[in-house]
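# Inside the fold
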Amino acid sequence: MSMSGEREDILLQVNHVRYKKNNGQLYLSQTRVGWMMDESDTFAVSVMYNDIRTQKISPEGKPKVQLQIVLHDISSYTFHFCNTEGREKQVAERNQVKERLGQLMTQNRRQPPDELMEKKRMLDESEQLQQLYRALVPTAIISVDEFWKEIAGQYKQSLGPQLDVGVSGAFLADVKPQTDGNNGKIQYNLTPEIMSSVFKTYPAVRKKHGEYVPHRMSESEFWTLFFQSHYYTIHTNTRTQNVFSECSKHDDREWNRDVLSTQNDPLFDLDNIYEERPLATDSDLKIGGTKAGSNAMHALMIKRFNQQSLNIIKAQTHSEKEKLLDEIAAKNPTGGGVVANGQPPTTDIDQPKSKKARIEEKLAYNDLEKSSTTETPALTIHQRDRYLTGPTQNTFSNSLHPDQVVRLQEQLDVSVSRWQPTLPNSQDAESATRALHHFSDSCRKGRSAVGVRSGGQLPGNLHKELGQVYSSAGELLRHFWSCFPPRTPQLQEKLHKMHETLCRYHNVTIRPFQEMAINDYNCNSSILDHLTEMFHIANTKFENWKARNSRHYNRAIILGIVVALAHDDCSGMWAKVTTGSWRNF
Amino acid sequence: MIQEDDDPKEYRWESGYEKTWEALQEDESGRLEPSVTEMIQRAKRRKLLEREASVRLGIMRHVYLILDLSQAMNEQDLKPTRHICTLKILDDFIKEFHDQNPISQLGIITTQNKMAKRHSDLSNNPQRHLDCIKKMQKMPCKGEPSLQNALEVALSSLRHLPPHTSREILIIFAALTSCDPGEVGATLQKVKEDNIRVSVVGLAAELHVCREITKETGGSYSISINDMHLKQLIDEHLEPPPASVKMDHTLIKVGFPHQINADAKPALCMCHLDDLPLLNTQGYYCPQCTAKYCDLPAECRVCGLMLVTAPHLARSYRHLFPLKHYSEIPLEESSAKLCYGCQKIFITGAADKYVYKCRNCHQVFCFNCDIFLHETVHSCPGCASNPTLSQTPSNT
């Protein structure tokens, strides 16, 4: 339970935290939370974030300020914040811990949740994969790790990439409320999709959701308040303490910041829209300086619409930045320094274009410029004859003189018109009967005799099992053939392994199958001939490659010895001889 | 006819519809057909002349069709709906594509509801794609399309292909928006790096994002006016595009299996293993690993060798040795009375005003034979039936 093995950075430390009536300190690190008693140097409590299911805080009214961590196995740890400086400090500390803990928990949860569950899910989804698994792993033909790495890896690749969903421009408008005629109640249908869109667009709302649900209020209450708030309706009571009033202040601050940046851009001519520099106030009835005519209500509506659109666009670019962060984090897993709300490194997307570049962009219209023709590579055909005729001897046959051709044609005409069939002289009787016998024998034997009655099929079960054997054998053979040509040492190693696997498969599965076919189903032993031939060919290829490789190896040794001898001799003549012989090899 | 005075101050849109009927003129016998045929003739000929010869083409193509199945496809400006009309055209396109490009592969992706899904992997087999299209006729069209997600799905499988193939994406887009999870620019960069050529056929209006994508990747962007035009635009993609400069040219290993094998052993075919094929000797055996396949062209699933027959490869010869254009001469200058192709007697009149003469064999063809020979047959019957010309290769 001690953290002595690894040097984990302590991200947050809070003193004056009591656990089970003992004073101590609470520590939050990258992967776990721990509590250490005063004057002790080992952690009494150490919990990984992955084990934590939820955290709870004590309600507002209670005298004690507590934080409880609930694990997956229902056990829980309760920490009591008892800072001597007073209750506010305790509450502040506790909230700080809660926020940080929440962040770290979600961060850690981003890793693959449970490998075993995922594997089970994959097997359930694809029957083919399941069959392969059953055929190959229990019989120890292929080890479990290899199976998941090679075969399942290919399957996962064929599934395609994980896609994210964008935020539709009209997502709030699509939440069509239905009025219940009797009571005047309005019903909103919320789907998880709409909820995730709202969270993506308004990160402030997501934070609030995390804080309030499920401790202080239920989901439905939260969403009801949301729809009553300024996000959805125009009339808000700013007097009442509203969940979303903080959000509205946050939004207004962002809005003013964005408006400032847009106004300050020298290339935009916005005199018609903005009358003066906006004042940075917190009251949400200030419109941010836009000229909106006489009606303040219209101006408010316009501002709200603009805010929503801007937030949707920001959600898009934010997700792009997050993806970049994820990629960077994936590349250095031990870095650990990238925290969720840290500053992302500036990328090409972020660099603001210089003023000159922007002016030039505005001046160029590609309609007006000369159209540039793209270079297309030209096709040159050498040796045109090779395309039109097959590979033949290079000689052009001696062409006949045209007169000769005409004479030959006349002769041909004459002999064709004069020809009479003379059947008795075409072949003698004995050879004719012999030929007939030979043909009828071959026809009777036929090419399609499988050891089953001609025209019949294999019995159902045998057929199905044969199909399964074919598919598992095919899979193994595919991995075998994909190793050729083995250029890298990994491929060579894989080749050796696949060869062993194939031999094992042959012994374990194919031989018994053949015997079973003969004994149980009384079939001709030739049904597996084709499969054995495939194995045989693969084996031959492997042997050839091995022989060629070892030959090279032997040659290399011999040459090495010769060159060493030449070195000893220190005569240039020897060295020349060896290089010559190398080339002749 | 009552002639309306054209008020010179009127704008074009104020003066009503474009009076296309004024372009048609009646000829002396009062028939309209000659002028219509003349217009069609001119259009067709112009298209043929545009195609250049002696350009290196990417003949081994891997094409992904991205079909937009969003709400915009329910519009009825193409009868009966854009959805059904497009699927019918794609049906023909798929059959023609596999006919004319036997060593190419096609795949189908759809996008709706802000997601994209791959319905049919890259394969040589047209039947699978046709089944997929049939299933799509019953799928409802809803939601918004997502260009970025669709491109990502296509990218994930196109990027693992060897560099000597021509990778293409053809997007059929009817919506006016695209709801993406991130920035399309980032995906566009990836597409450009992987040398993929994206073309778009639009059904509604021109979009800047589509224009950007096609411009950056070197593809074509066109909008269809009606259903005939849509068919024409999609059929333009049957021809292999010019090869990009970055494409490698390498030697590819290809297997030519024989159909008749004297000592073949009965086997199950690898292409239908899921539905328990029959154990027999009908089919083609791969020359490298002897796996059996029912139909060619195919890619051997066991050893990865490409299996084709010689006639399949020969179909691409028409790109290597294209038929040269015939020279157009007025009927009066030529001495021939009959068309060499169809034996039609030339009538002086609008239809046969011009006849076409092959520059090699000097035979004369009528207009319809000219179009037929250049579009479908790709060889000249005059040259082929002339004994001296067919033996010695012509100098091109």
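Throughout this description, residue numbers start from 1 for each chain and increase along the sequence as written. Labels follow written order: the first chain is A, the first ligand is 1, and so on. Side-chain atom pairs in this predicted model are given and counted only at pLDDT of 80 or more, local residue features only at pLDDT of at least 70, and totals for whole chains, interfaces and linings cover all residues. Computation of side-chain values covers all heavy atoms of the structure but excludes hydrogens and water.

## Some remarks on the overall build of chain A
Numbering of helices and strands starts at the N terminus; helices are DSSP runs of H or I of at least 4 residues and strands are runs of E of at least 2. Within chain A, the regular secondary structure consists of 17 helices and 9 strands. The classification of residues rests on relative accessible area computed with a 1.4 Å probe and restricted to protein chains. Under 20% of the type maximum is buried, over 50% is exposed, and intermediate values are partly exposed. Residues counted as buried form 28% of the 585 residues belonging to chain A. Residue pairs at least 24 apart in sequence account for 50% of intrachain contacts in chain A once pairs closer than 6 positions are excluded. Of the roughly 40,500 Å² of accessible surface on chain A, a fraction of 52% belongs to carbon and sulfur atoms. The contact definition used throughout considers only heavy atoms, calling two residues in contact when any of these lie within 4.5 Å. In short, Shrake-Rupley with a 1.4 Å probe defines the accessible areas, and a residue's cover is counted only from the protein chains shown.

## Looking at the overall build of chain B
Along its length, chain B carries 12 helices and 14 strands. Across the 396 residues that make up chain B, the buried fraction comes to 45%. Here chain B displays about 21,300 Å² of accessible surface, and carbon together with sulfur accounts for 52% of that area.

## Some points on the UniProt feature "domain: C2H2-type" (unreviewed entry) in chain B
Mapped onto the present numbering, the UniProt feature "domain: C2H2-type" (unreviewed entry) falls at residues 356-379 of chain B. Summarising residues 356-379 of chain B: 46% helix, 17% strand, and an end-to-end C-alpha distance of 14 Å. UniProt positions are given in the numbering used here, feature names are shortened, and annotations may be inferred rather than shown by experiment.

## Re the sheet that holds strand E4 (residues 166-173) of chain B
Residues and elements named next belong to chain B. In this analysis, strands are considered paired if DSSP registers two or more bridges between them. The 6 strands lie next to each other as E3-E2-E1-E4-E5-E6, forming an open sheet whose pairing is mixed. Single-partner strands in this sheet number two, and they are strand E3 (115-123) and strand E6 (221-223). Each adjacent strand pair in this sheet contributes to an overall mean axis angle of 15°, direction not counted. In this sheet, strand E5 (residues 196-202) lies alongside E4 in parallel orientation, the contact comprising 7 bridges. Working convention: axes come from line fits to C-alpha atoms, limited for helices to the stretch in contact. Angles between N-to-C directions cover 0 to 180 degrees.

## Quick word on the nonpolar core
Here the nonpolar core consists of buried residues drawn from Ala, Val, Leu, Ile, Met, Phe, Trp, Tyr and Cys, with membership extended through side-chain atoms lying within 4.5 Å. Counting residues in each nonpolar core, the largest one holds 58 residues, and the members touching the most others are Phe480, Tyr505 and Leu531 of chain A together with Cys300 and Val302 of chain B. Elements supplying a minimum of two residues to this core: helix H2 (115-125), helix H3 (127-136), helix H4 (144-159), helix H14 (460-481), helix H15 (489-521) and helix H16 (529-569) of chain A together with strand E8 (284-285) of chain B. The greatest single-element share of this core, amounting to 9 residues, is contributed by H14 of chain A. When residues no more than four places from it in sequence are discounted, the contact partners of valine 302 of chain B are Gly474, Leu477, Arg478, Trp481 and Met534 of chain A together with Met270, Cys289, Ala291 and Tyr293 of chain B. Formed by 31 residues, the second largest nonpolar core is a distinct cluster that contains Cys85, Ile108, Ala174 and Leu203 of chain B.

## Details of the confidence of the model for chain B
Residues and elements named next belong to chain B. Along the chain, pLDDT gives the predictor's confidence residue by residue, from 0 to 100. Across chain B, the average pLDDT comes to 83, with 84% of residues at 70 or higher. Here residues 1-6 is modelled with pLDDT under 50, and outside its nearest four sequence neighbours on either side it reaches 1 contact, counting other chains as well. Complex prediction metrics read pTM 0.70 and ipTM 0.75.

## Quick look at unusual backbone geometry
Cis peptide bonds are those with omega within 30 degrees of zero, and the linkage from lysine 79 of chain B to proline 80 of chain B qualifies with -15°. Within the secondary structure layout, proline 80 of chain B lies in the loop between strand E1 (61-68) and helix H2 (82-100). With an omega dihedral of 0°, the bond running from leucine 296 of chain B to proline 297 of chain B counts as a cis peptide bond. On the secondary structure map, proline 297 of chain B appears in the loop between strand E9 (292-293) and strand E10 (298-299). One non-glycine residue with positive phi stands out, namely histidine 16 of chain A, at about 60°. Along the chain, histidine 16 of chain A falls in strand E1 (residues 10-19). Unusually for a residue other than glycine, histidine 378 of chain B sits at a positive phi of about 65°. Mapped onto the elements, histidine 378 of chain B comes out in the loop between helix H10 (367-377) and helix H11 (381-385).

## Comments concerning the sheet that holds strand E11 (residues 306-307) of chain B
Residue and element names in this part refer to chain B. The 3 strands lie next to each other as E7-E11-E10, forming an open sheet whose pairing is mixed. In this open sheet, the two edge strands, each paired with only one partner strand, are strand E7 (254-255) and E10. Across 2 bridges, the pairing between E10 and E11 is antiparallel. Bridged to alanine 298 within E11 is leucine 307.

## Quick look at the UniProt feature "domain: BSD" (unreviewed entry) in chain A
When the UniProt feature table is mapped onto this chain, "domain: BSD" (unreviewed entry) is found at residues 115-149 and 182-234 of chain A. When the span residues 115-149 of chain A is considered, its composition is 77% helix and 0% strand, and the gap between its end C-alpha atoms is 13 Å.

## Some thoughts on the packing of aromatic side chains
Residues and elements named next belong to chain A. Stacked, tilted and edge-to-face pairs are distinguished by plane angle, under 30 degrees for stacked and over 60 for edge-to-face with tilted covering the rest, among Phe, Tyr and Trp rings (Trp via its six-membered ring) whose centres lie within 6.5 Å. Following the criterion strictly, the structure yields 13 aromatic pairs over all chains and no others. Ring plane angle 35° and centroid distance 6.0 Å describe the contact between phenylalanine 542 and tryptophan 545, whose orientation is recorded as tilted. Of this pair, phenylalanine 542 and tryptophan 545 both sit in helix H16, separated by 3 residues, roughly a single helical turn. Of the two residues examined, phenylalanine 542 and tryptophan 545, each falls in the buried class. By the ring-pair criterion, three or more aromatic residues cluster together here, those being Tyr19, Trp35, Tyr77 and Phe79.

## Thoughts on the interface of chain A and chain B
Tallying the contact residues gives 51 residues for chain A and 54 residues for chain B. Summed over both partners, buried area is the accessible surface (1.4 Å probe) that two parts give up on being assembled. Where chain A abuts chain B, roughly 4,600 Å² becomes buried across the two surfaces, and 62% of that area is made up of carbon and sulfur atoms. Polar contacts, as counted here, are pairs of nitrogen or oxygen atoms within 3.5 Å of one another; within protein the pair requires one atom able to donate a hydrogen and one able to accept it, and residues that are adjacent in sequence qualify only if both atoms are side-chain atoms. For the pair chain A and chain B, the interface holds 2 residue pairs in polar contact (both at pLDDT 80 or more). Where the side of chain A that touches chain B is concerned, the elements lending two or more residues are H4, helix H9 (296-331), helix H11 (384-388), H14 and H16 of chain A. Side-chain classes are defined by residue name, with Ala, Val, Leu, Ile, Met, Phe, Trp, Tyr, Cys and Pro counting as nonpolar, Asp, Glu, Lys and Arg as charged, and the others, Gly among them, as polar. Residue composition of the side of chain A that touches chain B, by class: 21 nonpolar, 17 polar and 13 charged.

## Thoughts on the UniProt feature "zinc finger region: C4-type" (unreviewed entry) in chain B
Annotation from UniProt places "zinc finger region: C4-type" (unreviewed entry) at residues 286-303 of chain B. Each end of residues 286-303 of chain B is marked by a C-alpha atom, and these two atoms are 9 Å apart; helix forms 0% of the span and strand 22%.

## So, the packing of helix H5 (residues 192-201) of chain A against helix H7 (residues 219-228) of chain A
Residue and element names in this part refer to chain A. Close contact between H5 and H7 brings their axes to 13 Å; oriented N to C, the two are set at 60°. Judged on the interaxial angle alone, H7 and H5 are oblique. As H5 packs across H7, the resulting crossing turns out to be left-handed. On the side of H5, the interface is formed by Met195, Val198 and Phe199, while H7 contributes Glu219, Trp223 and Phe226. Partitioned by chemical class, the residues of the contact of H5 with H7 number 5 nonpolar, no polar and 1 charged. By definition in this entry, angles of less than 35 degrees are roughly parallel, angles greater than 145 are roughly antiparallel, angles of 65 to 115 are roughly perpendicular, and the rest are oblique. If you view the pair so one helix is near and one far, a crossing is left-handed when the near helix is turned anticlockwise from the far one by less than a right angle, and right-handed when it is turned clockwise.

## Some remarks on the pairing of strand E13 (residues 354-357) of chain B
Here is the key point about a regular strand: its side chains alternate between the two faces of the sheet. Residue and element names in this part refer to chain B. Here strand E12 (residues 327-330) runs beside E13; their pairing, made up of 4 bridges, is antiparallel. When the sheet's bridge partners are listed, isoleucine 329 is paired in E13 with valine 355. Across 2 bridges, the pairing between E13 and strand E14 (residues 364-365) is antiparallel. If you follow lysine 357 over to E14, its bridge partner there is valine 364. Counting the residues that bridge the hairpin from E13 to E14 gives 6 residues, and of these histidine 362 lies at a positive phi of roughly 60°.

## Remarks on the packing of helix H5 (residues 184-193) of chain B against helix H6 (residues 208-217) of chain B
All names here are of chain B. At a minimum axis separation of 10 Å, H5 and H6 run at an interaxial angle of 20°. The angle between H5 and H6 places the two elements in the roughly parallel class. Once H5 is placed against H6, the crossing between them reads as right-handed. Touching Val184, Leu188, Val191 and Lys192 of H5 are Val209, Ile213, Glu216 and Thr217, all from H6.

## Overview of the side chain of threonine 217 of chain B
In this fold, threonine 217 of chain B is placed in helix H6. Taking the relative accessible area as the measure of exposure, threonine 217 of chain B reaches 12% and is therefore buried.

## Side note on the environment of serine 224 of chain B
All names here are of chain B. Residue position: serine 224 is located in the loop between E6 and helix H7 (227-235). The exposure class assigned to serine 224 is buried, which follows from its relative accessible area of 9%. When the C-alpha positions of serine 224 and alanine 205 are compared, they lie 8.8 Å apart, and in sequence the two are 19 residues distant. In this view, serine 224 contacts Gly202, Leu203, His229, Leu230 and Leu233; residues no more than four positions away in its chain are not counted.

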